[in-house]
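A look at the structure
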Amino acid sequence: MQNKGVIKFFAIAFAIVSLFQLSFTFFTKHVESNATEYATNTEANAIAKKYAEGDPIKEGFYFDSISKVREQFYLDSMANKEIFNILIRQYTYQECKEREINLGLDLKGGMNVMLEVSVIDIVKALSNNSQDATFVKALKIAREKQKNSQDDFVTLFAQSFTEIDANAQLAAIFNTV
């Protein structure tokens, strides 16, 4: 309990430093939202309509191209302008952009990846792509059973294999050494 004041001091100092670092992100996002507004205003739409000559597909293409160019033009023009002023220093857009906190794709909402594993392909690969008639037939039956069952594929495959030939040995098929 004797260090209570020191802990409070460091907590407050940490909060101030965190807010200072986040402020760069806030100011750059503000400039970038202004750039987006500038790029997609009615003037850009009118230019796209003029060049498209009534074709809606071309109009969309031109609008996308024009808005990207206008947005980049706006950001380039703001690169050396002061956007963040604290008492001891002024920061330009470029300096703020270099100091902003980079958000990952999960925070930007950019990318999702899903990996789906085919158990059937794994079983075939483990058997070294065996062409044993019982094995191939058991795979086919297990695939059909899987459509109407809650059991996993390996369980259904083992059941199907023993149904076809109760005396057959799976070890002979999966022994690929």
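Refer to the structure printed above.
Definitions and cut-offs
Residues numbered from 1 in each chain as written. Predicted model: local features only at pLDDT ≥ 70, side-chain atom pairs only at ≥ 80, totals over all residues. Heavy atoms only, no water. Helix = DSSP H or I, 4+ residues; strand = E, 2+ residues; numbered from the N terminus. Expected span 1.5 Å × (residues − 1). Buried < 20%, exposed > 50% of the residue type's maximum accessible area, 1.4 Å probe, protein only. Contact = heavy atoms within 4.5 Å. Polar contact = N/O pair within 3.5 Å; in protein donor to acceptor, adjacent residues only side chain to side chain. Axes fitted to C-alpha atoms, helices over the stretch in contact; angles between N-to-C directions. Parallel < 35°, antiparallel > 145°, perpendicular 65-115°, else oblique. Left-handed = near helix turned anticlockwise from the far one by under 90°. Patch = residues over 30% accessible without salt bridge, like charges linked within 9 Å, V, L, I, M, F, W, Y side chains within 5 Å. Areas by Shrake-Rupley, 256 points an atom, 1.4 Å probe, with all protein chains shown as cover. Salt bridge = Lys/Arg side-chain N within 4 Å of Asp/Glu carboxyl O. Phe/Tyr/Trp six-rings, centres within 6.5 Å; stacked < 30°, edge-to-face > 60°. Lys NZ or Arg CZ within 6 Å of the ring centre and 35° of its normal.

Some words on helix H3 (residues 56–78)
- In a regular helix each residue adds 1.5 Å, so 23 residues correspond to 33 Å; H3 covers 32 Å between its end C-alpha atoms and thus fits that length.
- The complete set of buried residues in H3 reads Ile66, Ser67, Arg70, Tyr74, Leu75 and Met78.
- Those residues of H3 that are buried lie in contact with helix H1 (4–39), helix H2 (42–52), strand S1 (82–86) and helix H4 (93–99).
- Measuring from the side-chain oxygen of the N-cap residue of H3 to the backbone nitrogen of isoleucine 57 gives 3.2 Å; that N-cap residue is aspartate 55.

Describing the packing of helix H6 (residues 119–126) against helix H8 (residues 153–164)
- Contact geometry of H6 with H8 gives a least axis separation of 10 Å together with a crossing angle of 55 degrees. Compared by their axis directions, H6 and H8 come out oblique. Two packed elements cross with a definite hand, and for H6 against H8 that hand is right-handed. Each of Val119, Ile120 and Val123 in H6 lies in contact with H8, whose residues at this interface are Phe153, Val154 and Phe157.

Points about a nonpolar patch on the surface
- On the surface, a cluster of nonpolar side chains totalling about 430 Å² of accessible area is made up of Leu115, Val117, Ile122 and Leu126.
- Among the structural elements, isoleucine 122 can be located in helix H6.

Thoughts on the side chain of threonine 134
- Here threonine 134 lies in helix H7 (residues 133–146).
- A relative accessible area of 17% means that threonine 134 is categorised as buried.

Describing the packing of aromatic side chains
- The full count for this structure, using the stated rule, is 14 aromatic pairs.
- For the pair phenylalanine 9 and phenylalanine 10, a centre-to-centre distance of 5.5 Å together with 70 degrees between the ring planes defines the contact as edge-to-face. Take phenylalanine 9 and phenylalanine 10: they sit in the same class, and that class is exposed.
- Ring pairing ties together the aromatic residues Phe20, Phe24, Phe26, Phe27, Phe84 and Tyr91, which thus form one cluster.
- Above the plane of the ring of tyrosine 51 lies lysine 50, whose end atom (NZ or CZ) is 5.4 Å from the centre.
- Of note, arginine 70 hangs over the ring of tyrosine 38, and the distance from its end group to the ring centre comes to 4.3 Å.

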